[in-house]
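Descriptive analysis of the structure
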Amino acid sequence: MKNDQYIPCPIDLSDVELPADLEALTELIARNVHEVWAQKKLQQGWSYGEAIDEDLKTHSSLVPYEQLSEQERSYDRDTAMKTIRLILKLGYKISK
């Protein structure tokens, strides 16, 4: 299959509401997603730089989660929220 033939088809999550008690979990997962990504980049020899440069292996997002732009944190939160909603959609329960 060629790349131009690929049509993503994620599971529809529009009918899944995130319970209020899981909203805090969203932020914890978002933060951890960033930490895992940053750790992997650092292990691959990347370092912080003002711009993303594949040749120099520098990336402007290699900073603590709190220092990311709101747009970058929002991306991580959205990923976390969709993951939690998918877990619920598939019939799993999340409890503490």
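In the block above lies the structure referred to throughout.
Quick summary incoming for the structure in this document. (Residues numbered from 1 in each chain as written. Predicted model: local features only at pLDDT ≥ 70, side-chain atom pairs only at ≥ 80, totals over all residues. Heavy atoms only, no water.)

Quick look at unusual backbone geometry
Inclusion rule: Helical segments are the DSSP runs of H or I of at least four residues, strand segments are the runs of E of at least two, and each set is numbered from the N terminus.
Unusually for a residue other than glycine, Lys 57 sits at a positive phi of about 55 degrees. Positionally, Lys 57 belongs in the loop between strand E1 (47–48) and strand E2 (58–59).

Considerations on the pattern of salt bridges
The condition is simple: Salt bridges are defined by distance alone: a side-chain nitrogen of Lys or Arg within 4 Å of a carboxyl oxygen of Asp or Glu. Working definition: with a 1.4 Å probe on protein chains only, accessible area under 20% of the residue-type maximum means buried, over 50% means exposed, and in between means partly exposed.
Evaluated as defined, the whole model comprises six salt bridges. Here Asp 15 ties to Lys 89 by a salt bridge, and the two come within 2.9 Å at their closest N and O atoms. Within this pair, whereas Asp 15 is found in the segment before helix H1 (23–43), its partner Lys 89 is found in helix H2 (residues 70–89), the two being separated by 74 residues in sequence. The exposure class assigned to Lys 89 is partly exposed, which follows from its relative accessible area of 33%.

So, the packing of aromatic side chains
Counted only if it meets this: Here a pair means two rings of Phe, Tyr or Trp (six-membered ring of Trp) with centres within 6.5 Å. Their orientation is stacked below 30 degrees between planes, edge-to-face above 60, and tilted elsewhere. Whether a charge lies above a ring is judged from NZ of Lys or CZ of Arg, which has to be within 6 Å of the ring centre and within 35 degrees of the ring normal.
Per the counting criterion, the structure on display carries zero aromatic pairs. Looking at Lys 41, its charged tip hangs above the ring of Trp 46, at a distance of 3.9 Å from the centre.

Focus: a nonpolar patch on the surface
Definition in use: Only residues whose relative accessible area exceeds 30% and that take part in no salt bridge are eligible for patches, with like-charged residues grouped when within 9 Å of each other and nonpolar side chains (Val, Leu, Ile, Met, Phe, Trp, Tyr) grouped when within 5 Å. The protein chains shown are the only cover counted for residues, whose accessible areas, like all others here, come from Shrake-Rupley with a 1.4 Å probe.
Taken together, the side chains of Ile 11, Leu 86, Ile 87, Leu 90, Tyr 92 and Ile 94 define a hydrophobic patch exposed on the protein surface, amounting to about 520 Å² of accessible area. Turning to its location among the elements, Ile 94 is positioned in the segment after H2. Residue Ile 94 is classed as partly exposed on the basis of its relative accessible area of 31%.

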